[in-house]
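# Descriptive structure summary
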Amino acid sequence: MLKIENLHAQVGDTEILKGLSLELNAGEIHAIMGPNGAGKSTLSYALGGRPGYEITAGSVNFDGQDLLELDPHERAAAGIFLGFQYPVEIPGVSNLQFLRESLNSQRKSRGEEPLSGAEFIKLAKEKAGLLKMDMDMLKRAVNVGFSGGEKKRNEMVQMGIIDPKLAILDETDSGLDIDALRVVGSGINAIMRKPDKAVLLITHYQRLLDEVKPDYVHVLADGRIVKTGGPELALQLEEEGYEAVAA
Ligand code: ADP
Ligand code: MG
Ligand code: MG
């Protein structure tokens, strides 16, 4: 589904990704762990096509397409969902409006009919229920005044509604209490643990991986994948630290 080969990316004059290669198949969940400043967020921005993240070498193939040729909204319409470490607040726009517009604009890009108001509300209710989110939260302005946990839960509801092929989740577990972590973990499993989908889960902590069992764990250090293993690698990292394991 996703094949990244020798990716080099820079921000300004600084090279941050230095030859990163990674392959994900449909049906797989991959975790990426690594020290602060290793380039984890840069990888998700580069895959999302964020302005200012310049790809200087390498290739990314997504579902048979050259991803780097697509602009950010085409990448989203092609089925890539990005979850961010710090979700944005959008005052004056309700979650429901925002989600319906996002979904229908993606559907339009794919040549699909927009959902009607009633169809959309039915879908939103179903996905909010899955994440145990009150519909009242979906009527409020996007993320405004939401706690860290509520923002993450909201992001998972967005993911359920958008129904992507590939989710790239950057520290979705940061700032979550144990209950919220379980809800988010079971949300990821319910929405994305499917034979035709894949997840790239960027996390510092083992505890999310207790909820969402990864098939592979990678260590990203200094702009490259320096080690790959199974779920046991995350446990080893937690016990021994990145330096000992990835040196
Ligand atoms: P991680 O998510 O693994 O903690 P990041 O991808 O956020 O790492 O950052 C990797 C490196 O790139 C860091 O040294 C960081 O300071 C630098 N960096 C990230 N974004 C920018 C930016 N917009 N301008 C300058 N340097 C940046
Ligand atoms: Mg960081
Ligand atoms: Mg980061």
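Keep in mind that what you see is a predicted model, and the values were worked out from it rather than measured.

### Overview of the overall build of the protein chain
If you tally the helices and strands in the protein chain, you get 10 helices and 12 strands. Principal-axis analysis of the C-alpha atoms gives the protein chain an extent of 55 × 40 × 35 Å. Excluding contacts between residues fewer than 6 apart, the proportion of contacts in the protein chain whose partners are at least 24 apart in sequence is 70%.

### Here's the deal with the sheet that holds strand β6 (residues 80–83)
As summarised here, the arrangement of the six strands in space is β6-β9-β10-β3-β11-β12, forming an open sheet in which the pairing is mixed. Each edge of the open sheet carries a strand with a single partner, namely β6 and β12 (224–229). Going across the sheet, the axis of each strand differs from the next one's by a mean of 20 degrees, ignoring polarity. Most of the contacts of helix α9 (residues 231–240) go to strand β11 (residues 216–221), to which it runs at about 45 degrees, and overall it touches β3 (29–33), β11 and β12.

### Brief notes about the environment of L181
By the secondary structure assignment, L181 is in helix α7 (residues 178–192). The class of L181 is buried, set by 21 C-beta atoms lying within 10 Å. L181 sits 30 residues away from E211 along the chain, and the two C-alpha atoms are 8.1 Å apart. Leave out the neighbours within four places in its chain, and L181 touches D173, L176, R207, L208 and E211.

### A few points about the site of ligand 1
Near ligand 1 you find V11, G12, T14, I16, G34, N36, G37, A38, G39, K40, S41 and T42, and these make up its full shell. Contributions of two or more residues to the shell around ligand 1 are made by β2 (14–24) and α1 (40–48). The biggest single contributor to the shell around ligand 1 is α1, with three residues. Residue composition of the shell around ligand 1, by class: three nonpolar, eight polar and one charged.

### Overview of the sheet that holds strand β5 (residues 65–66)
Taking strand neighbours across the sheet as the criterion, the four strands line up as β2-β1-β4-β5 in an open arrangement whose pairing is antiparallel. Looking at which strands have only one partner, the edges of the open sheet turn out to be β2 and β5. Across two bridges, strand β4 (residues 53–62) lies against β5 in antiparallel orientation. Across the sheet, the residue bridging to F62 is Q65, located in β5.

### A few points about α7
Residues three or four positions apart in an α-helix share a direction because the helix packs 3.6 residues into each turn. Between its first and last C-alpha, α7 extends 21 Å over 15 residues, near the 21 Å set by a 1.5 Å rise per residue. What α7 keeps buried is the set L181, V184, G185, G187, I188, I191 and M192. An end-on view of α7 places all buried positions within 160 degrees of arc, on one side of the element. Residues of α7 that are exposed and angled more than 90 degrees away from the buried face: I178 and D179.

### Side note on the environment of I4
Within the secondary structure, I4 sits in strand β1 (residues 2–11). Among the residues examined, I4 registers 22 C-beta atoms within 10 Å and is labelled buried. Expressed as a C-alpha distance, the spacing of I4 and L22, which sit 18 residues apart in the sequence, is 5.0 Å. When near neighbours in sequence (up to four residues on either side) are disregarded, I4 contacts L20, S21, L22 and V60.

### As for the packing of helix α6 (residues 148–162) against α7
The interhelical angle for the contact between α6 and α7, taken along N-to-C directions, is 10 degrees, at an axis separation of 10 Å. With respect to their mutual orientation, α6 and α7 come out roughly parallel. Every residue of α7 that contacts α6 at G149, K152, R153, M156, M159 and G160 is listed here: A180, V183, V184, G187, I188 and I191. Taken together, the residues of the contact of α6 with α7 break down into seven nonpolar, three polar and two charged.

### Looking at the pairing of β1
Of the pairings in the sheet, the one linking β1 to β2 comprises eight bridges and is antiparallel in character. Counted as the bridge partner of Q10 is E15 from β2. Linking β1 back to β2 in an antiparallel pair, the connection comprises two residues, with G12 at a positive phi of about 60 degrees. Here β1 pairs with β4 via eight bridges, running antiparallel. Following the sheet pairing, V11 is matched in β4 by Y53.

### Section: unusual backbone geometry
For K132, which is not a glycine, the phi torsion comes out positive at approximately 50 degrees. K132 sits in the partly exposed class, given 14 other C-beta atoms within 10 Å. Positioned with a positive phi, E171 is a non-glycine residue whose angle comes to about 45 degrees. Assignment of secondary structure puts E171 in the loop between β9 (166–170) and α7.

Rules used in this analysis
- Sequence order sets the numbering: in each chain, residues are counted from 1 along the sequence as written.
- The naming scheme follows written order: chains are lettered A onward, ligands numbered 1 onward.
- Given that this is a predicted model, residues contribute local features only at a pLDDT of at least 70 and side-chain atom pairs are listed and counted only at 80 or more, while totals for whole chains, interfaces and linings are drawn from all residues.
- Segments assigned H or I by DSSP are reported as helices when at least four residues long, segments assigned E as strands when at least two residues long, and all are numbered from the N terminus.
- Two residues form a contact once the distance between their C-beta atoms, set from the backbone, is within 7 Å.
- Any two strands with at least two DSSP-identified bridges between them are counted as paired.
- Axis definition: a line fitted to C-alpha atoms, limited for helices to the stretch in contact. Angles are taken between N-to-C directions and run from 0 to 180 degrees.
- Three classes are used. A residue is buried when 20 or more other C-beta atoms lie within 10 Å of its own, exposed when 12 or fewer do, and partly exposed in between, with C-beta atoms placed from the backbone.
- Working rule for contacts: place C-beta from the backbone, and if it is within 6 Å of a molecule or strand, that residue counts as near it.
- Each residue is assigned to one class: nonpolar for Ala, Val, Leu, Ile, Met, Phe, Trp, Tyr, Cys and Pro, charged for Asp, Glu, Lys and Arg, and polar for all the others, Gly among them.
- To estimate the expected span of a helix, count its residues, drop one, and scale the result by 1.5 Å.
- Of all possible arcs, the one meant is that of the directions from the helix axis to the C-beta atoms.
- Angular relationships are summarised with four words: roughly parallel below 35 degrees, roughly antiparallel beyond 145, roughly perpendicular across 65 to 115, and oblique for the angles in between.

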